[in-house]
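The residues making up each chain are set out below.
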Amino acid sequence: MVLIDGKKVSAEVRNRLAEETKNLKEKTGKEPGLATVLVGDDPASAVYVRNKNKTCRELGFQSFENQLSSDTTEEQLLSLIDELNSNPNVHGILVQLPLPDQIDSEKILQAIDPKKDVDGFHPVNVGKLVVGNALLTPCTPTGIIELLDHYGIEISGKHAVIVGRSNIVGKPVSMLLLQRNATITICHSRTRNLEEVTRGADILIAAVGRAHFVTENMVSEGAVVIDVGINRVDGKLTGDVDFEPVSKKASYITPVPGGVGPMTIALLMENTLKAFKDSI
Ligand code: NAP
């Protein structure tokens, strides 16, 4: 069994991005800019945003931090998005979710210029992903593909089973795997005989949000197991996969923490660099 080291791979991605940013700065005199928008004072969201801004600075990106109070109105947020859309130094816009109840998240995400939509959630980019020509694709799913590629795991012709159909993980990772010529099966809460379906997987992706959901009897000998889940059990982070027994059957497996998680921020930065390059 090979343990997929997301920390190491994400550090390599960040180094590559820092190097490319430095070269582009020398050539063009410009640098990529990411604007983060945090509304309210949710502590977990604040940590996520702080990490994103910190990574920006480490890579030589410009970071534009926007912190708004929890009573911000939808109009006020839309007007900030407008400003960021027209700011030529901002190449990526990240609105940290969830937003307070008085704001319609869908409306906000749709207001972001698709060229600056580094989360890849705008309907234009979702459509492009389905067609197969998206520049900006969602970060966690793209990070999963980068992990598979890094370890030389073949995707083409393989049966990939994805448990979970969210717009953030399940659906986009399915589209990316399909684009890479996997045969895909997407499972969800109404799937019948789930164990039988997941046992047919060469590549099994768990994006359910339930600790220890994927048990040993759901996995075939030699399967590649990617655990997207982040669950807190007794104050400890744990994935969706029952790691110990499943790792004995898997050929490759991601740990939690240290697997898919670290790739998400790295891919956000990669998307910002892509948006920047597309703009020059
Ligand atoms: P989500 O929107 O809650 O979706 C969960 C999916 O699991 C749904 O499609 C649901 O099916 C399915 N599901 C629930 N119970 C099931 C069951 N008994 N059998 C089969 N399928 C079942 O979650 P998400 O946003 O995709 O996130 C999934 C997990 O990944 C969470 O733990 C989240 O924290 C984590 N996550 C991690 C990262 C990262 O950077 N590592 C990024 C994003 C998310 P229905 O559609 O039928 O309800």
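This text goes with the structure placed above it.
Throughout, residues of each chain are indexed from 1 in the direction in which the sequence is written. A pLDDT threshold of at least 70 governs which residues receive local features in this predicted model, and a stricter bar of 80 or more applies before side-chain atom pairs are shown or counted, although totals over entire chains, interfaces and linings include all residues. For side-chain calculations, the full set of non-hydrogen atoms in the structure is used, while hydrogens and water are omitted.

S.K.: Would you mind going over the site of the ligand with me for this structure?
M.R.: Here a residue counts as near a molecule or strand whenever at least one of its heavy atoms sits within 4 Å of it. In the region of the ligand, 21 residues are neighbours, and Arg-165, Ser-166, Ser-189, Ile-230 and Thr-264 sit closest. Here a polar contact is recorded for every N or O atom pair within 3.5 Å, except that within protein the pair must consist of a potential hydrogen donor and a potential acceptor, and residues adjacent in sequence are included only if both atoms are side-chain atoms. Here an oxygen atom of the ligand and a side-chain polar atom of Arg-165 are 2.7 Å apart. In this structure, Ser-166 approaches the ligand through a side-chain N or O atom, which is 2.5 Å from an oxygen atom. Using a 1.4 Å probe, accessible areas were evaluated by the Shrake-Rupley method; residue-level cover was limited to the displayed protein chains. Protein burial of the ligand: of its 930 Å² of free accessible surface, 70% is covered by the chains. Looking at the shell around the ligand residue by residue, the class counts come to 9 nonpolar, 10 polar and 2 charged. Lys, Arg, Asp and Glu make up the charged group, whereas Ala, Val, Leu, Ile, Met, Phe, Trp, Tyr, Cys and Pro make up the nonpolar group; the residues left over, Gly among them, are polar.

S.K.: Got a minute to help me understand helix α10 (residues 261–279) in this structure?
M.R.: Every α-helix carries 3.6 residues per turn, so stepping three or four residues along brings you back to the same face. Under the scheme used here, helices are H or I runs from DSSP no shorter than 4 residues and strands are E runs no shorter than 2 residues, and both carry numbers assigned from the N terminus. Any helix carries an expected span of 1.5 Å times its number of residues minus one. For α10, built from 19 residues, the straight-helix expectation of 27 Å at 1.5 Å per residue is met to within 8% by its first-to-last C-alpha distance of 28 Å. For α10, the full list of buried residues reads Met-263, Ala-266, Leu-267, Leu-268, Met-269, Glu-270, Asn-271, Thr-272, Leu-273, Ala-275 and Phe-276. Only protein chains enter the accessibility calculation, which uses a 1.4 Å probe; a residue whose area is less than 20% of its type maximum is buried, one above 50% is exposed, and one in between is partly exposed.

S.K.: Could you clarify how one ought to interpret the packing of helix α1 (residues 6–28) against helix α6 (residues 139–150) in this entry?
M.R.: Each packed pair of helices is defined by two parameters, the angle between the axes and the distance between the axes. Angular values range over 0 to 180 degrees, each being the angle between N-to-C directions of two axes fitted as lines to C-alpha atoms, with helices fitted over their stretch in contact. Relative orientation of the contacting elements α1 and α6 amounts to 100°, with a least axis distance of 11 Å. The orientation of α1 relative to α6 falls into the category roughly perpendicular. Between α1, through Gly-6, Lys-8, Val-9, Glu-12, Val-13 and Arg-16, and α6, the contact on the second element is made entirely by Glu-146, Leu-147 and His-150. For the contact of α1 with α6, a count of residues per class yields 3 nonpolar, 2 polar and 4 charged. Any angle that falls under 35 degrees is termed roughly parallel, while one over 145 is termed roughly antiparallel, one within 65 to 115 roughly perpendicular, and all others oblique. Only heavy atoms enter the contact rule, under which two residues are in contact if any of them lie within 4.5 Å.

S.K.: I keep staring at the pairing of strand β5 (residues 159–163) and nothing clicks. Help me out?
M.R.: It is a general feature of regular strands that their side chains alternate between the two faces of the sheet. Taking burial as the measure, the 5 residues of β5 include 4 buried ones, the bulk of the element. For β5 and strand β6 (residues 183–187), the ladder comprises 5 bridges, and the chain directions are parallel. Along β6, the bridge assignment pairs Ala-160 with Ile-184. As for the winding sense of the linkage, the β-α-β connection from β5 through helix α7 (residues 170–179) to β6 is right-handed. Inspection of the sheet shows β5 paired to strand β7 (residues 203–206) by 4 bridges, in the parallel sense. At least two DSSP bridges between two strands are required for those strands to pair. Convention used here: a crossover is right-handed provided that the path from the first strand, over the helix, to the second strand proceeds clockwise when the strands point away from the viewer.

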